[in-house]
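Residue strings, one per chain:
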Amino acid sequence: MGRMRLEEVLRDAEIGALDLLDGTPPQILDHLVRAAALMTGATAARVNVITSEAQHAIADSTGAVGRDDLEASLCARALRRPERVQLVPDARVDPLFSDSVFVTSGAVTTYAAAQLVTAHGVSIGTLCIFDPQPREITQAMLDALGQLGEAAVQAMEVRRERADMGQLLQVLAGGSKELRRSNEHLAAFAGQVSHDVKGPLAAVQMALELIQEDLDGEEHDRAQLAAFVGTALSS
């Protein structure tokens, strides 16, 4: 398995574990993309997660969420570069981005992205901003974009931890019910044993009392004593 293929497998697994596609993404992502757009003055900001099959916009400052072709994805291309936060001042002249349909159509000229890196060290996508016109993006804006990207990942991780905790509590609740049932069965068993033992113990007690009475008398009937002892032993 090649390196890129391994990265795709890990990315798919992490996105699945975070439940970003089938579930509802954390609502805070909508606030983060709006903040990114306002901070930079860009036309739009978006959180994209990149699976092995497509780009999935799960939050967008303009509301344009959905699935896009992976081949055209700027964010998928951004993940090929090692920089966690990167700026493409003019995607039309950048060899990595220039042939994307988003660029050739004029939809994107200025592009910047912060990789979304999980606690497991897997880059699952980006928080990106883009504009059809050339736009000045300062270093301070890039630093803030990186911080917003980290906040996005933290929101995803917190939701996963809450889900894991919920599952653990369900397991513990189930275990508690099972323990309660076991204790009830044990109590019933102990009650039955106690009931079953009372009869023989009463016979033993009676036989020993008769033996004691016979020994206290002046004369002892050995045959009777033997019968009493036999009764006690059998009980």
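All of these numbers come straight from a predicted model, not from anything done at the bench. (Residues numbered from 1 in each chain as written. Predicted model: local features only at pLDDT ≥ 70, side-chain atom pairs only at ≥ 80, totals over all residues. Heavy atoms only, no water.)

**Q** So what's going on with the nonpolar core? Which residues, and what values?
**A** Within the largest apolar cluster, 28 residues are counted, with the highest numbers of intra-cluster contacts made by L20, V47, L116, I124, I129 and M156. Put simply, the parts of the chain that give this core at least two residues each are α1 (3-18), α2 (28-40), β1 (44-50), β2 (54-60), β5 (110-117), β6 (123-131) and α5 (139-216). In terms of residue count, α5 provides more of this core than any other element does, six residues in total. Of all hydrophobic cores here, the second largest spans 17 residues; its members include A78, L79, V88 and F97. (Core = buried A, V, L, I, M, F, W, Y, C linked by side-chain atoms within 4.5 Å. Buried < 20%, exposed > 50% of the residue type's maximum accessible area, 1.4 Å probe, protein only. Helix = DSSP H or I, 4+ residues; strand = E, 2+ residues; numbered from the N terminus.)

**Q** Residues and numbers for unusual backbone geometry, please.
**A** A positive phi angle, near 55°, is found at D19, a position not held by glycine. Structurally, D19 can be placed in the loop between α1 and α2.

**Q** An account of α2 is requested, with residue identities and associated values reported.
**A** The end-to-end C-alpha distance of α2 is 19 Å, a good match for the 18 Å that 13 residues give at a rise of 1.5 Å each. Buried residues of α2: L29, L32, V33, A36, A37 and T40, and no others. Around the axis of α2, the buried residues are gathered within 135° of arc, so they sit on the same side. Residue G41 follows α2 closely and has a positive phi angle near 80°. (Expected span 1.5 Å × (residues − 1). Arc of directions from axis to C-beta.)

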